[in-house]
Amino acid sequence: ERKFERAGRFKDVDTSPVISADGKVIYLAIVDGDFVALRTLDGTTLWAVPGGSSSFPDVDEKAGAIYLSTSDSQVQRISIKDASIVWTLNLKNRGLGSAPIRIGKSHLALSTSHGGILILNRNSGEIVWEKQLGYGTLAPPAFDGRRLVVLTARNYLLVHRVDEN
């Protein structure tokens, strides 16, 4: 018989956890709470970043980075090693950001609740490209290696070919 053991308890967990490739760490975003790294074995908190998250984190272990949108309209790159915030982009009047996704070799893409698509430089957080769609978005974009796909609040599926540079 397989058993589950209690490894921790949290208030208001609204996103799915992400488990490290080696299975030793769980990354968990708590809306209006902290973004935390937990030891899988026993749920011990390894580190926490205050601020809350409005998205699933994108964990890039190779780069030692975690990318996420916060519940106060920012996008951040966090160091896996020590939980330091490498950069922060304030989305200002763009609304809440979706979960950022990695595209190409050096970029992130995300949609905003006010109907925008942004492509960011992963190293600096600078906006490389931005497009206003005219519709709010419901979910993060998807990327197939060539095309960025976005679902709008009016149920339009929009496709944009992305130059890998």
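Up top you'll find the structure we're talking about.
Residues numbered from 1 in each chain as written. Predicted model: local features only at pLDDT ≥ 70, side-chain atom pairs only at ≥ 80, totals over all residues. Heavy atoms only, no water.

### Quick notes on the overall build of the protein chain
Which entries qualify depends on this criterion: Secondary structure counts use DSSP, requiring at least four H or I residues in a row for a helix and at least two E residues in a row for a strand, with both numbered from the N terminus. Residue burial is assigned from relative accessible area. The probe radius is 1.4 Å, only protein chains are included, and a residue is buried under 20% of its type maximum, exposed over 50%, and partly exposed in between. For accessible areas, the Shrake-Rupley method is used with a probe of radius 1.4 Å. Any residue's cover is judged against the shown protein chains and nothing else.
A tally of helices and strands in the protein chain yields zero helices and 15 strands. Every one of the 165 residues in the protein chain was classed for burial, and the buried ones make up 41%. For the protein chain, the exposed surface amounts to about 9700 Å²; the carbon and sulfur share of it is 48%.

### Describing the packing of aromatic side chains
What counts, and what does not: Each Phe, Tyr or Trp ring, with Trp reduced to its six-membered ring, pairs with another whose centre is within 6.5 Å; inter-plane angles below 30 degrees give stacked pairs, above 60 give edge-to-face pairs, and intermediate values give tilted ones.
Tallied over the entire structure, the rule returns three aromatic pairs. Here tyrosine 27 and tryptophan 47 contribute two aromatic rings whose centre-to-centre distance is 6.2 Å and whose plane-to-plane angle is 40°, an arrangement assigned as tilted. Of the two residues, tyrosine 27 sits in strand S2 (residues 25-29) while tryptophan 47 sits in strand S4 (residues 45-50), which places them 20 residues apart along the sequence. Each member of the pair tyrosine 27 and tryptophan 47 is classed as buried. On the numbers, 6.5 Å between centres and 35° between planes, the contact of tyrosine 67 with tryptophan 87 is tilted. Of this pair, tyrosine 67 sits in strand S6 (residues 65-69) while tryptophan 87 sits in strand S8 (residues 85-90); the two residues are 20 residues apart in sequence, bridging distant segments of the chain. Its relative accessible area of 7% is what places tryptophan 87 among the buried residues. Aromatic rings pair up to connect Tyr27, Phe35 and Trp47 into one cluster.

### Considering the sheet that holds strand S13 (residues 142-143)
To keep things clear, this is the line we draw: Following DSSP output, two strands are said to pair if at least two bridges run between them.
Read from one edge to the other, the open sheet built from three strands follows the order S13-S14-S15, with strand pairing classed as antiparallel. Each edge of the sheet is formed by a strand with only one pairing partner; in this case those strands are S13 and strand S15 (157-161). When S13 meets strand S14 (residues 147-151), the two strands line up antiparallel, connected through two bridges. Residue alanine 142 lies in a different strand from S14, and its bridge partner there is valine 149.

### Structural notes on the pattern of salt bridges
Condition: The salt bridge criterion pairs a side-chain nitrogen of Lys or Arg with a carboxyl oxygen of Asp or Glu, the two atoms within 4 Å.
Tallying each qualifying case throughout the model produces five salt bridges. Among the ionic pairs, arginine 39 bridges to aspartate 42, the shortest N-O distance being 3.1 Å. Classification of arginine 39 by relative accessible area gives partly exposed; the value is 34%. A salt bridge links arginine 102 to aspartate 58, with the nearest nitrogen and oxygen atoms 2.8 Å apart. With a gap of 44 residues between them, arginine 102 in strand S9 (residues 101-103) and aspartate 58 in strand S5 (residues 58-60) connect regions that are remote in the sequence. Residue aspartate 58 is classed as buried on the basis of its relative accessible area, which comes to 12%. Connected through shared salt-bridge partners, Asp58, Asp60 and Arg102 make up one network.

Structural measurements only, silent on function.
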